[in-house]
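If you want the building blocks of each chain, they are given just below.
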Amino acid sequence: MASVTPAVSLRGISKAFAAVQANRDVDLDVMPGTIHGIVGENGAGKSTLVSILYGFHGADAGEIRVDGRPVRIADSAAAIRLGIGMVHQHFMLVPNFTVLENVMLGAEGGPRLDGRAATRAEIERLGASYGLRVDPDAVVGELAVGLQQRVEIIKALRRGARILILDEPTGVLTPEETDRLFEILAELRREGVTVLLITHKLREVMAITDHVSVMRQGEMVAHRETAATSPEELAELMVGRKVLLQVGRVPARTGPPALRAEGLTWRDGRGVERLSDVSLELRAGEILGLAGVAGNGQSELLDLLSGIAPVQEGRIVTGARVIDAARPADPAEMRRLHLGHVPEDRQRRGLVLSFEARENAVLGYHHGPEAGAGRLISPSALTRHCRRLMERFDVRPVAPRLAARGFSGGNQQKLVLAREMERQPRILLVGQPTRGVDIGAIEFIHDQLNALKRQGGAILLVSVELDEILTLADRIAVMHAGRIEGVVAREDADIGEIGMMMAGMRGAA
Amino acid sequence: MTPLPRWVELGLIPLMNLALAFLIAGLVVWLVGEDPVRALVVMVEGAFVYPGALGYTLYYTTNFLFTGLAVAVAFHAMLFNIGGEGQAAIGGLGIALVLVLLDPYLPGPVLILLAIAGAAAFGAAWGAIPGWLQAYRGSHIVITTIMLNFIAAGILVGLLTGPLMRPGQSSPQTREFDPAARLPYIHDIARSLGFEATTTPLNLSFVLALLAAAGVWLLIWRTRWGFELRALGQSEPAAAYAGVPVARMVVQAMAVSGALAGCMALNEILGAQHKLLLNFTSGYGFTGIAVALMGRNHPVGIFLAALLFGALYQGGAELDFEFRTITREMVLVIQGLIILFSGALALMFVPVLGRVFRARRA
Amino acid sequence: MIDLWRDILLLFDATLRLSTPLIFCAMAGLISERAGVIDIGLEGKLLASAFAAAAVAALTGSVLAGLGAALLTSMALALVHAFATVTHRGEQIISGVAINILASGLTIVVGIALFQQGGQTPTLGPGERFGPIVLPLAGTLGGVPLLGPLYAELISGHSAPVYVALLTVPLVAWVVNRTTFGLRLRAVGEMPASVDSAGLSVTGLRYGAVLIAGLLCGLAGTYLSAAHGAGFVREMSAGKGYIALAAMIFGNWRPWRVLFACLLFGFLEAGAARLQGVELPLIGQAPVELILILPYLATVVVLAGFIGRATPPRAIGQPYVKER
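Residues numbered from 1 in each chain as written. Chains lettered and ligands numbered in written order. Predicted model: local features only at pLDDT ≥ 70, side-chain atom pairs only at ≥ 80, totals over all residues.

J.: Looking at this structure, I do not really get the overall build of chain B. What am I missing?
T.: When helices and strands are counted, chain B shows 15 helices and 0 strands. Since a compact globule built from 362 residues should have a radius of gyration of about 21 Å, the 21 Å found for chain B is in line with a globular shape. Its C-alpha atoms put chain B at 75 × 55 × 40 Å along the principal axes. The contacts in chain B between residues at least 6 apart in sequence include a share of 75% that link residues at least 24 apart. (Helix = DSSP H or I, 4+ residues; strand = E, 2+ residues; numbered from the N terminus. Rg over C-alpha atoms; globule rule 2.2 N^0.38 Å. Contact = placed C-beta atoms within 7 Å.)

So this is what it looks like as structure tokens:
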């Protein structure tokens, strides 16, 4: 161990954002020519740590060594000079630039874009030697996500990166694209590139890495050789206690259909078809899980079902109400039809972060008596209502006048859930209910969903976490490229088959 | 980010920004060779002390109240209405059309009510146009409102040099309206109640503006419409999720904003001039931006800011008489500096003060 | 026939003169906005630099000193804009409005302090302003039918800034589309995070763009008071900065199209001036006001997407904040 100098060595790195201690006294050694995983829950401080390494943020304390030499990384330019490259979770690409222009940006080779030909040749070479093939003249915004990610990798390599950081690279990829990415990473490792892979997916860490480090609440809690650990051990390290892996599924007593989608096809503002002929049936007393890689139409489907986006083709039926292009419904009407909606993005959609908790507690229901009996809004009614929700759903702190942004992710989510479940909805749409939520709150939220189901509620659960769907759902629908690839009962569900469907390879199974 | 104490955020920072604006304005005065302190004294006396000064100050305040409220209502929906000039001009046109067409036939009180309705309706319509363009065509409201200011000015010039021009005259203005169709002056009201009062252009519009301020408070913070408006302003996705009809709301918000700006014409046209003339808006619409910024879009703050600007305008006029080298345009300088420091640089002191107050607490 | 040709030439001649400040200002706006910084303050920079040019030219007797002062003044205001919006992430529109009002007040206050002429500067003499440049052979070729007057009236005889403005357009087009700086400029207006991640300075690029905009507005101001005019009068920018803004949008932030828009708007202004008081058959009095609001109307129509579509840079108006 001592004979080889680590490619990257961090000692005592600390970083605080105002009151939040994002990193605390973090140590890390990454050996050259290896793939090193960093795992941890959302908010464990992984992204902050690599941002510091890439010069996006300055550390408050600590030392960084690259190839044994102590360095100061004041900005990304310094990181690039040290041979560090980064593929961000959200790609840093200019959508209306070509691949060539994106790769050149910051490495243009002279004042008049003199390096154009050389860069083009380099893109060809990298494409040939690492399987990173992509058309240099394609406009990036029109490429598939997997290809955009290749452009990011090419960008980093073009700038001479010998240490490549990938921040949650697989979140937007299909299983097949993920496999391709891992082949590329393995190829890079053979060429001596050091890879730092940030993820919260244990399966991937086990599949590709040589070493793995675990972060929890801003601290580095363990380093392991991948061959000498197990997913169970890593999960326990991530969470800090033995994981009760299953809340347990409640047996379904399925009733009549509560909501039917029939042949929904939907195009976005640019005319791209996001949903193609989607049909679903949601029955009372069941949880229907909607699985799929992010960005395959789940969000659009939720928007249609909740009335946020207008139906273009096909129809939605609930009770006696038929919703189609000629007879649209808005979210206010859907709520009157007893539909609750816990949106995927609670910070942008589910809450107005600058509003007080008590105002958020009636968001969407502000025309009802919750906001006051008369024509005007009554502040005291707001406070009373909010306090009741907070006590029932264990939202802490019980502070109706605190702005929503002042609550933790889990408590924000509980507030949204409380609001949407308060009126005992017949139908509940739930998007990514536990994203960025701590373990304790996850159990609480899962329990609440099960409770509603037991009372006969029809629940559509959209999640990119397959484990969550397997835990809760009675039936599983899989989406890919705007289509429902198939629906299977939980009992018959086979993870391999679901994975194939998520990749759109239904026939291959 | 730990929030700063409330008194710092709502009291100290605005005051520091304001002080900086005045400090630099004072520097300008000093650079052109005059005594800034004396200039300030002249302005304060001119605004509050001389007979009738307060009346004039409140008269200007009325304009700023209306335009400031107009900017604030739109701002609560995160819409930047810098079209107050045009909306006020068209509001004035509304008054003029009502009175020129109807004042021979109807009694005064009815005319006044119709004229108020005309100002509000025309202003609302002129505000709703950019609102509609933003909501349904995606046109940037800042640019469209600027363009509509110029278009409104062009329309007014066209009408006042053409069909609406006072017969037999060549100056671009309408004939005088029937004296019955005037908002009463405050000095007339005061005298009829037995008080002594200096003659000033202050008229009943001031009371209307105060009522409008109270109404705006109620509308924004106590009605469900206001709830939706604020939700839209703070987060459009969340508003759409909550069932707010986003596009319609944008148009409505701009209509209300335009109506308030249009009502500025009540003070100038129905209250003071009694005829429609060119350029009567003279920048009050733009100043509304500064008023709303300083008043933090809250009616109480807007009243205080409007009063400040009213005093600046009235006191600034006094500069013309007292100094050879500084004139009322000095007020524009102060105004520009206030917008710069209270608006664009509003957060300049936050990091510094954050350090001060966090260090103290730690 | 000859007279008609002459009238047309004179109309185009006036178009060119009236378009010049628009071209400078619109190119300024284009550079700034392609970098993601909205520039409502074109008007204020134009006005302030017009004043500075005339004032310093009058005081020193040198038009070049006036030019220098105009550039410095306009760039100082641009610096304020950059400081507020880039460094302190202030609202770009508010900053622009502040600059416009500030310029409006300062020009008069300082003007009165310097010259005691109610805010005007003294009239500039021949050495204190840019005079017309008669191109070679203009006199000789003037007699050639058709093309002679074209050369003598339309192409020759303008002041230096007019020719500079026309050269600015290909220069801006080249810089934006063909140079490394231009690539970075466009990237910072579309996706500043990509620029930051590439190890480049978002702040530096935006400061650069805003200052270039200041420089170009300074040229416009110099032209206004020390070439087109002969001295500064109150509010002499008279909304030209806003028309330039309109032209920039009308031209969809693309240099050549923006030039076309500037010429079109200049033409409308020139045409309106010629029609002032003219009785037209059927219509009667020429609707001059109507013609003068056409640029604004046209811009609204374009913004509304009824003709073409205005697509501003993606990151426009948003201060850059690093993500956590």
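J.: Could you clarify how one ought to interpret the pairing of strand 17 (residues 427-431) of chain A in this entry?
T.: The side chains of a regular strand alternate between both faces of the sheet. All names here are of chain A. Across the 5 residues of strand 17, 5 count as buried, placing the element largely inside the fold. Here strand 17 shows no split at all, with Ile427, Leu429 and Gly431 on one side and Leu428 and Val430 on the other all buried. Relative to strand 17, strand 16 (residues 339-342) runs parallel, the two being bridged by 4 bridges. Across the sheet, the residue bridging to His341 is Leu429, located in strand 17. In the sheet, strand 17 pairs with strand 18 (residues 458-462) via 5 bridges, with the strands oriented parallel. (Buried ≥ 20, exposed ≤ 12 C-beta atoms within 10 Å, placed from the backbone. Pairing = 2+ DSSP bridges.)

J.: Help me understand the sheet that holds strand 18 of chain A, please; the structure alone is not making it clear to me.
T.: Within a sheet, neighbouring strands are paired by backbone hydrogen bonds and run either parallel or antiparallel to one another. Residues and elements named next belong to chain A. If you trace the 6 strands from one edge of the open sheet to the other, you get 16-17-18-13-19-20, paired in mixed fashion. One side of each edge strand has no neighbouring strand; the edge strands of this open sheet are strand 16 and strand 20 (483-489). Across this sheet, the average inter-strand angle for adjacent strands is 15°, counted without regard to direction. Relative to strand 20, strand 19 (residues 475-480) runs antiparallel, the two being bridged by 6 bridges. Paired with Arg475 across the two strands is Ala489, which belongs to strand 20. (Axes fitted to C-alpha atoms, helices over the stretch in contact; angles between N-to-C directions.)

J.: It is not clear to me how the interface of chain B and chain A should be interpreted in this structure. Could you clarify?
T.: One frequently used descriptor of interface size is the decrease in accessible area upon assembly of the parts. Of the residues lining the interface, 16 residues belong to chain B; the matching set on chain A comes to 22 residues. Looking at the side of chain B that touches chain A, the elements that each hand over two or more residues are helix 9 (224-234) and helix 10 (236-241) of chain B. Looking at the side of chain B that touches chain A, its residues break down into 9 nonpolar, 5 polar and 2 charged. (Nonpolar A, V, L, I, M, F, W, Y, C, P; charged D, E, K, R; others polar.)

J.: It is not clear to me how unusual backbone geometry should be interpreted in this structure. Could you clarify?
T.: Leaving glycine aside, a negative phi is the common case for residues, and trans is the common case for peptide bonds. For the bond running from Arg396(A) to Pro397(A), omega is -5°, close enough to zero to count as cis. Locating Pro397(A) in the fold gives a position in the loop between helix 13 (379-392) and helix 14 (409-421). Located in the positive-phi region is Arg296(B), a residue other than glycine, with phi close to 50°. A tally of 17 C-beta atoms within 10 Å means that Arg296(B) is categorised as partly exposed.

J.: Please clarify how the pairing of strand 12 (residues 273-283) of chain A should be interpreted in this entry.
T.: Residue and element names in this part refer to chain A. Pairing of strand 11 (residues 257-267) with strand 12 involves 7 bridges; the strand directions are antiparallel. By the bridge assignment, Trp266 is partnered in strand 12 with Leu275. What sits between the antiparallel neighbours strand 11 and strand 12 is a turn of 5 residues, in which Gly271 has the positive phi angle 85°.

J.: Sorry, what's going on with the interface of chain C and chain B here?
T.: Taken together, the 35 residues of chain C in the interface contact 41 residues of chain B. Where the side of chain C that touches chain B is concerned, the elements lending two or more residues are helix 3 (63-87), helix 4 (92-115), helix 11 (240-250) and helix 13 (288-303) of chain C. For the side of chain C that touches chain B, the element with the highest residue contribution is helix 4 of chain C, accounting for 15 residues. Each residue belonging to the side of chain C that touches chain B can be placed in one class, and the counts come to 24 nonpolar, 9 polar and 2 charged.

J.: Teacher, can you tell me more about the packing of helix 9 of chain B against helix 11 (residues 246-273) of chain B here?
T.: To describe two helices that pack against each other, one gives the angle between their axes and the distance between the axes. Residues and elements named next belong to chain B. The geometry of helix 9 relative to helix 11 is characterised by a closest axis approach of 11 Å and an angle of 105° between their N-to-C directions. Between helix 9 and helix 11, the angle is such that the two are roughly perpendicular. Packed against helix 9, whose contacting residues are Glu228, Leu229 and Leu232, the element helix 11 presents Val246, Met249 and Ala253 at the interface. Of the residues belonging to the contact of helix 9 with helix 11, the class tally is 5 nonpolar, no polar and 1 charged. (Parallel < 35°, antiparallel > 145°, perpendicular 65-115°, else oblique.)

J.: Looking at this structure, how should I read the environment of Thr180(C)?
T.: Inspection of the secondary structure assignment puts Thr180(C) in helix 8 (residues 180-190). Not counting residues within four places of it along the chain, the set of residues in contact with Thr180(C) comprises Glu108(A), Gly110(A), Pro111(A), Arg112(A) and Leu113(A).

J.: Please explain the nonpolar core as it appears in this structure.
T.: Considering soluble globular proteins, one finds that nonpolar side chains tend to be buried as a cluster. With 394 residues, the main nonpolar core has Leu461(A), Leu69(B), Ala115(B), Phe24(C), Ala26(C) and Ala247(C) as its most contacted residues. The element contributing the most residues to this core is helix 11 of chain B, with 16 residues. If we ignore the near neighbours within four places in the chain, the residues touching Phe24(C) are Ala165(C), Thr168(C), Leu216(C), Cys217(C), Leu219(C), Ala220(C) and Tyr223(C). (Core = buried A, V, L, I, M, F, W, Y, C linked by C-beta atoms within 7 Å.)

J.: Sorry, what's going on with the environment of Gln21(A) here?
T.: Residue and element names in this part refer to chain A. Of note, Gln21 is situated in strand 2 (residues 20-30). For the pair Gln21 and Glu219, spaced 198 residues apart in sequence, the C-alpha separation works out to 9.5 Å. Once residues within four sequence positions are removed from consideration, Gln21 is found in contact with Ala16 and Gly218.

J.: Looking at this model, I keep getting lost on the sheet that holds strand 15 (residues 321-323) of chain A. Mind explaining?
T.: Residues and elements named next belong to chain A. Judged by pairing direction, the sheet is antiparallel, and its 4 strands sit side by side in the order 12-11-14-15 without closing on themselves. The outermost strands of the open sheet, each flanked by one partner alone, are strand 12 and strand 15. Here the strands of the sheet are splayed against their neighbours by 15° on average, with no regard to which way each runs. Relative to strand 15, strand 14 (residues 313-318) runs antiparallel, the two being bridged by 3 bridges. Bridge pairing in strand 15 places Val317 opposite Val322.

J.: Which parts of the structure should I look at to understand helix 7 (residues 160-178) of chain C?
T.: Note that an α-helix has 3.6 residues per turn; residues three or four places apart therefore point the same way. All names here are of chain C. Between its first and last C-alpha atoms helix 7 spans 26 Å; for 19 residues at 1.5 Å apiece the expected length is 27 Å, and the two agree. Of the residues making up helix 7, those classed as buried are Pro161, Val162, Ala165, Thr168, Val169, Val172 and Val176. Where helix 7 is buried, its residues touch helix 1 (2-34), strand 2 (158-159), helix 8, helix 10 (202-228) and helix 12 (255-275). (Expected span 1.5 Å × (residues − 1).)

J.: For this particular structure, what's the right way to read helix 12 of chain C?
T.: Residue and element names in this part refer to chain C. With 21 residues, helix 12 should cover 30 Å at 1.5 Å per step; its first-to-last C-alpha distance of 30 Å lies within 8% of that length. Within helix 12, burial applies to Pro255, Val258, Leu259, Ala261, Cys262, Phe265, Gly266, Glu269 and Ala270. Buried-residue contacts for helix 12 involve helix 1, helix 7, helix 11 and helix 13. One or two positions beyond helix 12, positive phi appears at Gly277, with a value near 75°.

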